[in-house]
Amino acid sequence: MNYEELMLRAITKANKFKYTAKPNPVVGAIIIQGSEIISEGYHEVYGKNHAEINAIEEAQKHLGKKFENFSDLSLICTLEPCSHVGKTGSCAEFIVKKGFKKVIIGAIDPNPKVAGRGIKILESNNIEVEYGLFGDLVEKQNKNFFYKHKNNKPYITVKIASSLDGMSHIDTERVFITSESSRNDIQKIRADHDAILTGGNTLRNDDPDMNARVDFSVNPAKKILLTSKPYSNKSKFFKNACVDVFEINNLSKIIDSYKENEICSILVEAGPKLVNSFLKEGIVDELIVYTSEKKLEKRGVNWFQENNAIENYGFKLESSYKIDTDLKEIFKKDG
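Another point: the environment of Thr-12. The residue Thr-12 is located in helix α1 (residues 3–14) in this model. The exposed category is assigned to Thr-12, whose relative accessible area is 58%. In this structure, the C-alpha to C-alpha distance between Thr-12 and Val-138, residues 126 residues apart in sequence, is 9.8 Å.

This part covers α1. The end-to-end C-alpha distance of α1 is 16 Å, a good match for the 16 Å that twelve residues give at a rise of 1.5 Å each. Within α1 the residues assigned to the buried category are Leu-6, Met-7, Ala-10, Ile-11 and Ala-14. Along the axis of α1, the buried positions cluster into a sector of 135°, meaning they face one direction only. On its buried face, α1 is in contact with α2 (18–21), β1 (28–33), β2 (36–42), β3 (74–79), β4 (102–107) and α6 (135–141).

Turning next to the nonpolar core. Ile-31, Ile-95, Phe-100, Val-103 and Leu-122 are the most contacted members of the largest nonpolar core, which has 44 residues in total. The leading source of residues in this core is α1, at five residues. Leu-122 has contacts with Pro-81, Ala-92, Ile-95, Val-96, Val-103, Ile-127 and Val-129, leaving out every residue within four places of it along the chain. Of all hydrophobic cores here, the second largest spans 30 residues; its members include Ala-195, Tyr-258, Val-275 and Phe-304.

The next subject is the side chain of His-193. Mapped onto the elements, His-193 comes out in the loop between α8 (180–192) and β8 (195–199). We classify His-193 as buried; its relative accessible area is 6%. Ignoring sequence-local partners within four residues, the contact set of His-193 consists of Lys-22, Thr-157, Ala-221, Ser-265, Ile-266 and Leu-267.

Conventions we followed
Residues numbered from 1 in each chain as written. Predicted model: local features only at pLDDT ≥ 70, side-chain atom pairs only at ≥ 80, totals over all residues. Heavy atoms only, no water. Helix = DSSP H or I, 4+ residues; strand = E, 2+ residues; numbered from the N terminus. Buried < 20%, exposed > 50% of the residue type's maximum accessible area, 1.4 Å probe, protein only. Expected span 1.5 Å × (residues − 1). Arc of directions from axis to C-beta. Contact = heavy atoms within 4.5 Å. Core = buried A, V, L, I, M, F, W, Y, C linked by side-chain atoms within 4.5 Å.

Right, dumping it as structure tokens:
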């Protein structure tokens, strides 16, 4: 088994933990002696051991049996070992302490706190380092993490559900526009994001949970509420959730406040007024639209004033397909 096969194995198996490691990136590590796999480790749970530590602790069990010294071993890891101390210790320093002879890395960590520093620690301690093996796949696997550190802002997705005639809702009553299949699909989108944002009107009118109701383990998203009017923290939105409340209406300033923390992606689920404010601000990266076959006609509230509003905001249709009777379209910023 060569380095390429091992790196692909680590990338593939790491993906199993994408919902429990977030908002951290998913990372895999494999320790080998020659062509023999000694151990494997993955970053399984946010705040717990990183992949390299799990792999080393597993390898430790085989010391004196499968191998005599860590200096006989090589470590393959999908992402550059961290150099800083956060919720866990420095992986790079721990690798040095164990005395590995070689480390093969998929992608350099885009986080400025690491960004090559982990490699420098290894190389300055006479460990042979190779990097760039399937780095493009590692970046794709952790697209929000890489986007955040390359663009200095979280990846912003807006989700809307629309009637066939472009309406959001009816002012006087609550009505489900899209099918149950589409509503189930939205749960997976919530599970993919680190935070979910809504506005005060949606909170007061709909009393939404906005949790990811899925049949697999997922770290609960942070909740973000934007409102300048009174609200009740007894609403479903606040239940078992960590909620940031902003009473200012400067959206760029609000999003900027997440530059320095670990939130890499935010899903906006709100009414037309707040959604249009986000779009006009030019800070949205992706727009997901579920369109029903239903029409609300004169009773409905419009999502947009222009028929081609989405394209006017600089978005390009990336994919379009049916979910039950609904149409799901994904638009991304053109260029």
